[in-house]
Amino acid sequence: MKQTPLERFLRYVKIDTQSKDDSTTYPSTAKQLDLLNLLVTELQEIGARDAAIDSYGYVTATVPSNIPPAHPKYGKVPAVGFVAHVDTSPSASGANVKPQVIDPYTGGDLVLPGDPSVVIRESENPELKHNVGKPIVTSDGTTLLGADDKAGVAIIMTAAQTLLSDPALVHGDIRIAFTPDEEIGQGTKHFDIKKFGAAFAYTVDGDTPGELNKETFSANLAVITVYGRNIHPGSAKGIMVNSIRAMADIIARLPREISPEMTEGYEPYIHPHVLEGEEARTTLKILLRDFNTPGLEVLKKLIETVIAEVQPLHPRANIELKIIEQYRNMKDYMESASTGLDCMWEATKRAGMDPVWVPIRGGTDGSRLTEKGLPTPNIFTGGQNYHGTTEWLSVWGMSKAVDTVVHIARLWVEKS
Ligand SMILES: [Zn+2]
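What counts as what
- Residues numbered from 1 in each chain as written.
- Predicted model: local features only at pLDDT ≥ 70, side-chain atom pairs only at ≥ 80, totals over all residues.
- Heavy atoms only, no water.
- 1 Å grid on protein atoms, 1.4 Å probe; cavity = no way out; pocket = protein on both sides within 12 Å on 5 of 7 lines; lining within 4 Å.
- Points joined across faces, edges and corners; volume = space filled by probe spheres on them.
- Helix = DSSP H or I, 4+ residues; strand = E, 2+ residues; numbered from the N terminus.
- Nonpolar A, V, L, I, M, F, W, Y, C, P; charged D, E, K, R; others polar.
- Pairing = 2+ DSSP bridges.
- Axes fitted to C-alpha atoms, helices over the stretch in contact; angles between N-to-C directions.
- Contact = heavy atoms within 4.5 Å.
- Phe/Tyr/Trp six-rings, centres within 6.5 Å; stacked < 30°, edge-to-face > 60°.
- Donors = N, O, S within 2.8 Å, 3.2 Å for Na, K, Ca; no water.
- Tetrahedral: all angles 85-135°; square planar, octahedral: opposite > 155°, others 65-115°.
- Parallel < 35°, antiparallel > 145°, perpendicular 65-115°, else oblique.
- Left-handed = near helix turned anticlockwise from the far one by under 90°.
- Core = buried A, V, L, I, M, F, W, Y, C linked by side-chain atoms within 4.5 Å.
- Buried < 20%, exposed > 50% of the residue type's maximum accessible area, 1.4 Å probe, protein only.
- Expected span 1.5 Å × (residues − 1).
- Polar contact = N/O pair within 3.5 Å; in protein donor to acceptor, adjacent residues only side chain to side chain.
- Salt bridge = Lys/Arg side-chain N within 4 Å of Asp/Glu carboxyl O.

Q: Help me out: how do you make sense of the layout of surface pockets in this one?
A: Unfilled space is identified by rolling a water-sized probe across the atoms. Taken as a whole, the largest pocket spans an internal volume of roughly 1600 Å³. Taken together, 49 residues form the lining of the largest pocket, with Glu182, Glu183, Ile184, Gly185 and Arg368 sitting closest to its centre. Of all elements in the fold, only strand E10 (211–213), strand E12 (269–278), strand E13 (281–290), strand E14 (318–327) and helix H8 (365–371) reach the threshold of two or more residues within the lining of the largest pocket. Of the residues contributing to the lining of the largest pocket, the split by class is twelve nonpolar, 21 polar and 16 charged.

Below, the structure written as structure tokens:
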């Protein structure tokens, strides 16, 4: 029985799959397995081959090549992967999601029924106007919706079923992966690229219809630790070294104009992110982000300059800086990947959209997969306002993404 992506989506969002920071297990929450296990069953039902879940919770399956032996491209088309994550963000509740299908959306602001203070405003959502007269999906306002990334899961499942059920759609081996823990930055931690066996992959985890991503930030974490000396404040004169005061001087000197709140597009930033401390010791975690990877060195130097200025003001404090590598711009590794990028661009056009490359001011699972050797750009899903209660989904955008995935599979045969 062929199911629409909307039917699949509404089923998946009702399953709570929120991931959790600082968990000691993998996946971080066992409830993600509820959906992952269901997907194994559904993949088997639609006739996918090798549908399985491994000990980490990764679900993989194959839509086998249907290129006939007499075809000139027989044996020449590489395996291509599609990847989506099942978990939802820890930033908003994902339990008891009650999706509302508004069909059709007739324009204007949307007050959500479960919490009238939650309003999806026309003025803040330019994409709404492209959905007038079409169905959209929201939560009831008390939870997030989960389009990030259950729309991606529904898109891949529907495209797989389409490819499996129509022999006229000629394609090579298509590999599918559904992953846990993307939202806590652990989505690819145990992902076995070799076993997955794809030469190129796509995450289906973007938002606005037509938008494609082949560039992400490169990211480092700077950790500043100030060591002071604590003693009872009643007898502290000439003895106490308050690390909090030294850290405050550092924070005050971090450049405002290259903060996330004052930058956009390709601009880099330095972002004080987590601050913890007491007299004896204060730590500050700072996110360093730049599309240009060598630019991270420049950001580091800026911090070193600030520390060099502050140190003499607090001669008895000890200030340390540590830089931890986080992820790299996938574009750094995309030079040899032009076929896969051409396919996604052309497929979006064939789906009736105007494609546009948009740089992601963040990282994706694809950033990490690309760095590890599997080029993995990102495709739109039709979702908007991720990680919050105003999240919503364009049903039209989701079906355009299904068409795009199907066209990508076919285009790899043309372009190989
Ligand atoms: Zn996502």
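Right, picking up where we left off after that structure.
Q: Any chance you could explain the sheet that holds strand E11 (residues 218–227) here in plain terms?
A: Within a sheet, neighbouring strands are paired by backbone hydrogen bonds and run either parallel or antiparallel to one another. Spatially, the four strands line up as an open sheet ordered E12-E13-E11-E14, and their pairing is antiparallel. Looking along the sheet, the strands with just one partner apiece sit at the ends: E12 and E14. The average undirected angle you get between the axes of adjacent strands in this sheet is 15 degrees. Sheet topology note: the E12/E13 ladder contains nine bridges and is antiparallel. Note that in E13 the partner of Pro272 across the bridge is Ile286. Where helix H6 (residues 295–310) meets the sheet, it contacts E11, E12, E13 and E14, and its direction lies at approximately 150 degrees from that of E13.

Q: So what exactly am I meant to see when it comes to the packing of aromatic side chains here?
A: Scanning all chains against the criterion turns up twelve aromatic pairs. Considering the side-chain rings of Phe217 and Tyr269, the 5.4 Å spacing of their centres and the 80 degrees angle between planes classify their relative orientation as edge-to-face. Residue Phe217 is found in the loop between E10 and E11, and its partner Tyr269 is found in strand E12; the two are separated by 52 residues along the sequence. Taken together, a centroid distance of 5.4 Å and an interplanar angle of 25 degrees make the contact between Trp345 and Trp357 stacked.

Q: Help me understand the coordination of the zinc ion, please; the structure alone is not making it clear to me.
A: In an ideal octahedron of six donors the angles at the metal are 90 or 180 degrees, and in an ideal tetrahedron of four donors they are 109.5 degrees. Only His85 (NE2), Asp148 (OD), Asp205 (OD) and Asp205 (OD) from the protein coordinate the zinc ion, and they sit 1.9 to 2.6 Å from it. Around the zinc ion sit four donor atoms; with metal-centred angles ranging over 53 to 148 degrees, the donor geometry is irregular.

Q: What am I meant to see in the packing of helix H1 (residues 5–13) against helix H2 (residues 32–45) here?
A: The description of two packed helices rests on the angle between their axes and on the distance between the axes. Between H1 and H2, whose axes approach to 11 Å, the crossing angle comes to 150 degrees. Considering their axes alone, H1 and H2 lie roughly antiparallel with respect to each other. Considering only the axes of H1 and H2, their crossing is right-handed. On the side of H1, the interface is formed by Arg8, Arg11 and Tyr12, while H2 contributes Leu35, Leu38, Leu39 and Glu42.

Q: Could you clarify how one ought to interpret the nonpolar core in this entry?
A: Inside soluble globular proteins, nonpolar side chains tend to come together where they are buried. Counting 65 residues, the largest nonpolar core has Phe9, Leu43, Phe82, Phe178, Tyr202, Ile379 and Ile408 as its most contacted members. The element best represented in this core is helix H9 (residues 395–415), accounting for eleven residues. Ignoring any residue separated from it by four or fewer positions in sequence, one finds Leu43 in contact with Ala48, Ala51, Val59, Ala61, Met157, Ile176 and Phe178. In this structure, Ile224, Leu254, Leu299 and Val306 belong to the second largest nonpolar core, which totals 21 residues.

Q: Help me understand the pairing of strand E1 (residues 49–53) in this model?
A: Here is the key point about a regular strand: its side chains alternate between the two faces of the sheet. Here three bridges tie E1 to strand E2 (residues 59–63), and the two strands are oriented antiparallel to one another. Bridge pairing in E2 places Ile53 opposite Val59. Hairpin connection between E1 and E2: a loop of five residues separates the two successive antiparallel strands, and Gly57 in this loop has a positive phi of roughly 105 degrees.

Q: So what exactly am I meant to see when it comes to H2 here?
A: Note: α-helices contain 3.6 residues per turn, so residues at a spacing of three or four share the same orientation. With 14 residues, H2 extends 20 Å from end C-alpha to end C-alpha; this agrees with the ideal 20 Å at 1.5 Å per step. All of the buried residues along H2 are Gln32, Leu35, Leu36, Leu39, Val40, Glu42 and Leu43. Considering only its buried residues, H2 is in contact with H1, E1, E2, helix H3 (147–165) and strand E8 (174–179).

Q: Please explain the environment of Asp192 as it appears in this structure.
A: By the secondary structure assignment, Asp192 is in the loop between E8 and helix H4 (193–196). With relative accessibility at 40%, the residue Asp192 sits in the partly exposed group. Here the side chain of Asp192 touches Lys194 through a polar contact of 3.2 Å, landing on its backbone nitrogen. From its side chain, Asp192 meets the backbone nitrogen of Lys195 in a polar contact 3.0 Å long.

Q: I'm lost on the pattern of salt bridges in this one. Help?
A: Pairing is possible between side chains that carry opposite charge, provided their charged atoms lie close to one another. Across all of its chains, the model carries twelve salt bridges by this definition. The partner of Glu215 in a salt bridge is Lys331, and the shortest N-O contact between them spans 4.0 Å. Taken together, the residues Glu215 in the loop between E10 and E11 and Lys331 in the loop between E14 and helix H7 (338–350) connect sequence positions 116 residues apart. On the basis of relative accessible area, Lys331 is assigned to the partly exposed category, the value being 41%. The salt bridge partner of Arg253 is Glu309, with a shortest N-O separation of 3.1 Å. Within this pair, whereas Arg253 is found in helix H5 (residues 243–253), its partner Glu309 is found in helix H6, the two being separated by 56 residues in sequence. Within this structure, Arg8, Arg11 and Glu42 form a network of salt bridges that share partners.

Q: So what exactly am I meant to see when it comes to unusual backbone geometry here?
A: Backbone geometry follows two general trends: most residues other than glycine have a negative phi, and most peptide bonds adopt the trans configuration. Residue Pro27 follows Tyr26 across a cis peptide bond; omega there is -5 degrees. The residue Pro27 is located in the loop between H1 and H2 in this model. With an omega of 0 degrees, the peptide bond between Asp103 and Pro104 qualifies as cis. Examined against the element boundaries, Pro104 turns out to sit in the loop between strand E4 (100–102) and strand E5 (110–111). Within the chain, Asn385 stands out as a residue other than glycine whose phi angle is a positive 55 degrees. Here Asn385 lies in the loop between strand E17 (383–384) and strand E18 (392–394). A positive phi angle, close to 75 degrees, is found at His387, a residue other than glycine. In this fold, His387 is placed in the loop between E17 and E18.

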